[in-house]
Amino acid sequence: MGENLVIVESPAKAKTIEKFLGKDFVVKSSYGHIRDLKPKDFSIDVANNFEPQYEIPADKKKLVSELKDLATKAKMVWLASDEDREGEAISWHLFQALNLKPENTKRIVFHEITKEAILHAIQNPRAIDQNLVDAQQARRVLDRIVGFEVSPILWRKVKPALSAGRVQSVAVKLIVDREREIEQFNGESWYRTISPFNVVGTDGREAVLKAELSKKFNTKEETIAFLESIKGKTFTINDIVVKPARKTPQPPFTTSTLQQEASRKLGFTVAQTMMVAQKLYESGKITYMRTDSVNLSQMAINTAKSEIISMAGERYSKSRQFTTSSKGAQEAHEAIRPTYISAHEIDGTSQEKRLYELIWKRTVASQMADAELERTTISIGFGNPDIWFAATGEVIKFDGFLKLYIESTDDEQNDDETTLIPPLKVGQNPEFVQAIATQRFSQKPYRYNEASLVRKLEELGIGRPSTYAPTISTIQQREYVLKESRPGEPREFAELTLTKNGAITEKNKIENTGQEKNKLFPTDIGSVVCDFLSDHFKNIMSYDFTAKVEEEFDIIAEGKMEWQKTIGEFYTGFHNEVVSANNERTEQKVGERILGVHPETKHQVSVKIGRFGPMVQIGTADDEDKPRFASLLKGQSINTITLEEALTLFKLPRVVGVYNGTEIKANTGRFGPYVQFAKLFVSLTKEDDPFTVSLERAIELIEKKQEAEKQKVIKTFAGDETIQVLNGRYGPYIAKERSNYKIPKGKVPADLTLEECLEIIASQPDAKPSRKAPAKATSKTKATAKAKAKTPAKAKGKPATKKES
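What this report covers is the structure whose coordinates are included nearby. (Residues numbered from 1 in each chain as written. Predicted model: local features only at pLDDT ≥ 70, side-chain atom pairs only at ≥ 80, totals over all residues. Heavy atoms only, no water.)

**Observations regarding the packing of helix α6 (residues 166–183) against helix α13 (residues 468–477)**
At a minimum axis distance of 9 Å, the contact between α6 and α13 shows a crossing angle of 70°. Between α6 and α13, the angle falls in the class roughly perpendicular. Note on element contacts: α13 touches α6 through Thr471, Thr474 and Ile475, opposite Val167, Gln168, Ala171, Val172 and Ile175. Looking at the contact of α6 with α13 residue by residue, the classes come out as five nonpolar, three polar and no charged. (Axes fitted to C-alpha atoms, helices over the stretch in contact; angles between N-to-C directions. Helix = DSSP H or I, 4+ residues; strand = E, 2+ residues; numbered from the N terminus. Parallel < 35°, antiparallel > 145°, perpendicular 65-115°, else oblique. Contact = heavy atoms within 4.5 Å. Nonpolar A, V, L, I, M, F, W, Y, C, P; charged D, E, K, R; others polar.)

Have a look at this one:
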């Protein structure tokens, strides 16, 4: 045992640090937090100044015991968790749970895992920063209060198993509000006129100058009148304006800008970006990845300068230091950058290599010279001083940082077009070719994707670098928000053309509009929950209030405010809202919408959120007949479904036909549309409709499912029917009573005996329950399994994981 025990929060980080320290240091991982609030209890003593009640989870007790033993034997314990608030809290919990002594404990921090940084941290230890710990406790306690007091109200008023979160609810509100902006949007159309002109430059070069009219027309009649007015006109270059311009590189990455750019350039989700960045950090390849600082160390700036000069020359280098402008910047002290800028590439997975390259290019580009451009604007007149054609051109005189890196944007449509313009002079008469006036339409507000939502949250001051990814993941997991792509719709537009010979023609064309790719849409449940919370909890759904709370956390972290005081001021008003919402009685269920009455029974028809999601209900509990229910189909919403569409849903289940003497029925349920054959349920594909699916198609799907079921069961055992050897997505595995077990390498699944299976099961006591029940062995599958058992087969693919089903 070494004299020094270093504790970090992840095994990957421990492995990297261990390389840099000598034999006197033992590096161990706490695997994240070792203490937390009890998962199923409120765990906040409100009467005792909001004192949190922490516990060591059962799965961490053995680890804590081992760390305690190591700490007792060590002369010095070094707490080396991450340098943000969460990391500070991990160190504090370790200090408390391991009963460490101040004289034998030191806190060290570093924003990159390099030998130099680790040794520097060892030489410059500090005490645990209680202010940072208190800021983390304030966030944790406030989020627990909101979640535990609001969620039970949602269970009663909306739907069981729902949950509310402070930052997550505001993020959902952003998406719901945007969707309603889109629904209420009333677009307008206008005509944009573009005219190409043939020109000859003073250098003799011929070119086509694409110019746009300075005025847009609201109607077709106005547009035609204008085209008539310019027939036979002489066009003259009235003005030429040449302006120099510069483009400056963007700062190196913060957490939010990395998430945004990785989404645009690499197609990564926010969670995926953070997972890959975490691996790069823990393996010592980049600096700490949760930061809102754009600062670079002087060493990094100097190294970047050397790389740029070596790569492109002195002129391309321009050292600069950026300053942070985001609200409440607090997480770390440097931007995200490569630990060694001289390393242009790294070893690793494809994702790690791509993200590292993005970080390297952005970092180096931030230290490169501005791009120098020349922008030219040509004004072409035709006798009317109020209207003219304008052509713009842009020439890059010196590419500067653009040689290495160009930032992407979230703009979905960019109509700006630039032309390479030859040298011209005022008074020249460009040759008119034609004028094309195209009907254009005002754009609806854009839906958020993950990257633009992060940008909006940061802009509003909601959340911090450590919260963006979990927030966006959580609202999708809870099915408040759906991320999907949707096809556009055809739209007709008019195009008017004035030809060189003076003829005006009109064409109607079709374009695709409204196509969405990986956008965030609110679900019906998300909209209903958002409306309920907005009506009853004004503060927690307020953008300004949520940002104000984040600012107060920052003040707590600076030691200028007591965290219990902040929680106390919030709790008084909030708890009154909880009591009021609990006591409120309404005639209708939250989110319920009355569509009308059934034309025959005259019973009320309504839509609402049921136990398994959005549904239509015919009748009420007060009617003599029991109410009837039907689930909404994918693409339908309780906000837009009509009475006619709702009644159509009750045509299901529909008898499709008879197969082998048994009826096949088409229906829709909790998991979407399906066909049922006896006790077999087969999901329909996106192309299939439960109202129209044919008997032939249904039989095709059923037989395909039956064949898959046969192939799933490799072997069963007469001595214990609860044990099966099955084929799964990742290869063969053993299933017993809803738990799955890996088959060791070298074992042939079809040759396994019952005794061998029991031995394997006994050797894997930590196997987790599967989400699905094991495949039920029918007489057919049992026979198939016995036949397979007679012929040994090699296992394909990798062994099943414990989550396999």
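**Digging into the pattern of salt bridges**
For the structure on display, the rule yields 48 salt bridges. The shortest N-O distance in the salt bridge between lysine 500 and glutamate 431 comes to 2.2 Å. In this pair, lysine 500 is assigned in the loop between β17 (489–498) and β18 (504–513) and glutamate 431 in strand β14 (residues 431–432), connecting sequence segments 69 residues apart. A relative accessible area of 55% means that lysine 500 is categorised as exposed. The closest approach of N and O atoms between glutamate 459 and lysine 456, which form a salt bridge, is 3.3 Å. Note that glutamate 459 and lysine 456 are positioned in helix α12 (residues 450–460) at a spacing of three residues, about one turn of the helix. Overlapping salt bridges, with partners in common, bring together Glu9, Lys13, Asp82, Asp84 and Arg290 in one network. (Salt bridge = Lys/Arg side-chain N within 4 Å of Asp/Glu carboxyl O. Buried < 20%, exposed > 50% of the residue type's maximum accessible area, 1.4 Å probe, protein only.)

**Side note on the sheet that holds strand β23 (residues 628–631)**
Pairing is antiparallel across the open sheet formed by four strands, whose spatial order is β20-β21-β22-β23. Of all the strands in the sheet, just β20 (593–597) and β23 have a single pairing partner and so form its edges. Averaged over all pairs of adjacent strands, the angle between their axes in this sheet comes to 25°, without regard to strand direction. Bridge count for β20 against strand β21 (residues 604–610) is four bridges, and the pairing is antiparallel. (Pairing = 2+ DSSP bridges.)

**Thoughts on the environment of alanine 621**
Turning to its location among the elements, alanine 621 is positioned in the loop between β22 (613–618) and β23. Measuring from C-alpha to C-alpha, the distance between alanine 621 and proline 385 comes to 73 Å, with 236 residues separating the pair along the chain.

**With respect to the nonpolar core**
Within the largest apolar cluster, 132 residues are counted, with the highest numbers of intra-cluster contacts made by Phe110, Leu154, Leu355, Phe537 and Phe574. The greatest single-element share of this core, amounting to 11 residues, is contributed by helix α5 (residues 130–157). Discounting residues that sit within four places of it in the chain, phenylalanine 574 has contacts with Ile145, Val146, Glu149, Val150, Phe537 and Ile540. Counting 27 residues, the second largest nonpolar core, distinct from the first, contains Leu213, Phe226, Leu227 and Leu424. (Core = buried A, V, L, I, M, F, W, Y, C linked by side-chain atoms within 4.5 Å.)

**Some remarks on the packing of aromatic side chains**
Within the structure shown, the criterion is met by 20 aromatic pairs. Taken together, a centroid distance of 6.0 Å and an interplanar angle of 65° make the contact between phenylalanine 226 and phenylalanine 382 edge-to-face. Residue phenylalanine 226 is found in helix α7 (residues 220–229), and its partner phenylalanine 382 is found in the loop between β12 (371–381) and β13 (389–398); the two are separated by 156 residues along the sequence. Residue classification places phenylalanine 382 among the buried residues on the basis of a relative accessible area of 7%. Their ring planes at 45° and their centres at 5.2 Å tell us that tyrosine 659 and phenylalanine 677 sit as a pair that is tilted. (Phe/Tyr/Trp six-rings, centres within 6.5 Å; stacked < 30°, edge-to-face > 60°.)

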